[in-house]
Amino acid sequence: MTLTPSGGLPPATAYHRLPIRLLNSLWRVANACGRARVSLDADEMMDRVRRETGLSDFGDPRFLEPYQLLCRCLQTEANLNPAGRLLTRISLLRILRHRVWAEALIKKHPEILEREIKAPVVVVGLARSGTTRLHRLLAADTGFLHLKSWETVNPVPWPDSYGAERDPRISSIEKGLKAVLYMSPQMASVHPLGAHEVEEEVGLIQHAFSSQLFEVMTYIPSFAEHLMQHDQTYAYEYMVRLMKIVSWWRGDDDRPWVLKTPQHMQDLDSLMKVFPDARLICSHRDPIRAVGSACSMTWNAMVRDTDSVDPHWVGREWLGKTDAMLRKTLEVRSGVPARQQTDVLYADINRDWRAAIKGIYDFLGRPLTDEALANMQAWLDSNAQHKHGAHHYSLADFGLSEQEVDQRLMYYRECFNIPYEGGVKPA
């Protein structure tokens, strides 16, 4: 299916730098001559990793179903441009290498799996609802463990990580982020990027090939529907396996983890299966703003790897997905003991973040120390909102209206008494 732009946004190619446009054009000519074709065949990529690493154990075979479906969708639905195909292949090969390296490491050090991860604190909320800020505020408290960006992208030690003065996985993500910001400079205003930034665990879930990251980056509706309709417990079990590898490599103690990814809104049942003692911090923002911002985030991510995206499809897809995730989360939360969950409004954090954080710590039964508050303030001071430019978006660009979003998600607003940003209900 070829997607064509509609609405007020420019076509996807308008976001491509001139060298990238020229590269894609020349690459297509070569492809037409039967040369320089980039394979996204599932079996070929696994064979490539076997040859490169000399390893053949990819771990629990339950990853194969979503992996094979993903590869088929990337070839039949995604409409990737040549550069996008190459970048996608590089990402998939990275994950496959990590899987074989992880199994080899665990066979050598089975004690890794004996590590315990107890009662993590999990920020649960829609994308663009303030979850990143809340997550990074909590992670500023040294009483919590958290992931760094380079760890969620490259969670398994590479062969040359051992004994290295500086882990090559860090240099790799630094180079990768420079490439991302060169090709998609607008992403800096959408999500703060940096190798050592506190980051969410969705990159670990990606290693089970069951992550929303794939559908945010590419048009693969069949794969997205599969994730929504199928139990994701295995993906979360594999996430825990990788968390244990990260923790073992760092030599962590038994401090609790603080976690966050909007995917938990879709898979909260799976999260609670692997972490039945999790403490949930549920963040809520005006759904009109959250949906608009999520559509813009998806659009800005997708335009890098394709030459055509329909923003109205993005709007329909993410409004429907938001509705489905909210309803599922409410259903799952109804079975979670009240002592394990609390709610916080985006508006309250904006108004008085210290009071909001104090309420969270009271819920957790943890002391909020002066040191933790000072670290949080230092993070805020160095990460002012719009530091990398304001994130501008309009629901109309995605074929949606404020009234439509408000009406469809009114049950959510009323459930948590979420105020309208700006204080005015759409007419």
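Here the structure is shown first, and the text comes after it.
Residues numbered from 1 in each chain as written. Predicted model: local features only at pLDDT ≥ 70, side-chain atom pairs only at ≥ 80, totals over all residues. Heavy atoms only, no water.

**Q** I would appreciate a short explanation of the environment of Arg-97 in the present structure.
**A** Among the structural elements, Arg-97 can be located in helix α4 (residues 82-108). Given a relative accessible area of 22%, Arg-97 falls into the partly exposed group. Each C-alpha atom, one on Arg-97 and one on Trp-158, is 9.0 Å from the other, the two residues being 61 residues apart in sequence. Setting aside residues up to four positions removed in sequence, Arg-97 forms contacts with Val-49, Glu-52 and Thr-53. (Helix = DSSP H or I, 4+ residues; strand = E, 2+ residues; numbered from the N terminus. Buried < 20%, exposed > 50% of the residue type's maximum accessible area, 1.4 Å probe, protein only. Contact = heavy atoms within 4.5 Å.)

**Q** When you look at the sheet that holds strand β5 (residues 279-284) in this model, what are you seeing that I'm missing?
**A** Backbone-to-backbone hydrogen bonds pair the strands of a sheet. The strands run either parallel or antiparallel. As summarised here, the arrangement of the four strands in space is β4-β1-β5-β6, forming an open sheet in which the pairing is parallel. With partners counted over all chains shown, the strands left at the sheet margins are β4 (258-260) and β6 (341-345), one partner each. In this sheet, neighbouring strand axes are inclined to one another by 25 degrees on average, regardless of whether the strands run parallel or antiparallel. Across three bridges, the pairing between strand β1 (residues 121-124) and β4 is parallel. (Pairing = 2+ DSSP bridges. Axes fitted to C-alpha atoms, helices over the stretch in contact; angles between N-to-C directions.)

**Q** I keep staring at the pairing of β6 and nothing clicks. Help me out?
**A** The side chains of a regular strand alternate between both faces of the sheet. Burial analysis of β6 places four of its five residues in the buried class, the great majority of the element. In this sheet, β6 lies alongside β5 in parallel orientation, the contact comprising five bridges. Bridged to Ser-283 within β6 is Val-344.

**Q** It is not clear to me how the packing of helix α13 (residues 287-302) against helix α14 (residues 311-333) should be interpreted in this structure. Could you clarify?
**A** Between two packed helices, both the angle of their axes relative to each other and the distance between the axes serve to describe the pair. Closest axis-to-axis distance for the α13/α14 pair is 9 Å, and the angle between their directions is 130 degrees. With respect to α14, the axis of α13 lies oblique. Between α13 and α14 lies a crossing whose hand is right-handed. For the pair α13 and α14, the contacting residues are Val-291, Cys-295, Thr-298, Trp-299 and Met-302 in the first and Pro-311, Trp-313, Val-314, Gly-315, Trp-318, Leu-319 and Thr-322 in the second. Class assignment for the residues of the contact of α13 with α14 results in nine nonpolar, three polar and no charged. (Parallel < 35°, antiparallel > 145°, perpendicular 65-115°, else oblique. Left-handed = near helix turned anticlockwise from the far one by under 90°. Nonpolar A, V, L, I, M, F, W, Y, C, P; charged D, E, K, R; others polar.)

**Q** What is the right way to look at the nonpolar core in this model?
**A** With 94 residues, the main nonpolar core has Tyr-67, Leu-92, Leu-96, Phe-209, Phe-275 and Leu-280 as its most contacted residues. When neighbours within four sequence positions are excluded, Leu-96 is seen to be in contact with Met-45, Met-46, Val-49, Phe-58, Phe-63, Tyr-67 and Phe-209. (Core = buried A, V, L, I, M, F, W, Y, C linked by side-chain atoms within 4.5 Å.)

**Q** Just checking my understanding: could you explain helix α7 (residues 168-183) for this structure?
**A** Residues lying three or four places apart along an α-helix face the same way, a consequence of the helix completing one turn every 3.6 residues. In this model α7 runs 23 Å from its N-terminal to its C-terminal C-alpha over 16 residues, within 8% of the 22 Å that 1.5 Å per residue would give. Within α7, burial applies to Pro-168, Arg-169, Ile-170, Ile-173, Leu-177 and Met-183. Summarising the contacts, the buried residues of α7 are in contact with α1 (18-32), α4, α6 (149-153) and α11 (233-250). (Expected span 1.5 Å × (residues − 1).)

**Q** Can you walk me through the packing of aromatic side chains in this structure?
**A** The geometry of two aromatic rings is summed up by the distance between their centres and the angle between their planes. Scanning the entire structure with this criterion turns up 13 aromatic pairs. Ring centres of Tyr-67 and Phe-209 lie 4.7 Å apart, and the angle between their planes is 55 degrees; this geometry places the pair in the tilted category. Taken together, the residues span a long stretch of sequence, with Tyr-67 in helix α3 (residues 64-76) and Phe-209 in the loop between α8 (202-205) and α9 (212-217) at a distance of 142 residues. When sorted by exposure, Tyr-67 lands in the same class as Phe-209, which is buried. Through a chain of ring-to-ring contacts, three or more aromatic side chains come together here, namely Phe-58, Phe-63, Tyr-67, Phe-209, Phe-214 and Phe-223. The ring of Tyr-411 is capped by Arg-327, whose NZ or CZ atom sits 3.9 Å from the centre of that ring. In this arrangement the basic side chain of Arg-366 is found over the ring face of Phe-144, its NZ or CZ atom lying 4.4 Å from the centre. (Phe/Tyr/Trp six-rings, centres within 6.5 Å; stacked < 30°, edge-to-face > 60°. Lys NZ or Arg CZ within 6 Å of the ring centre and 35° of its normal.)

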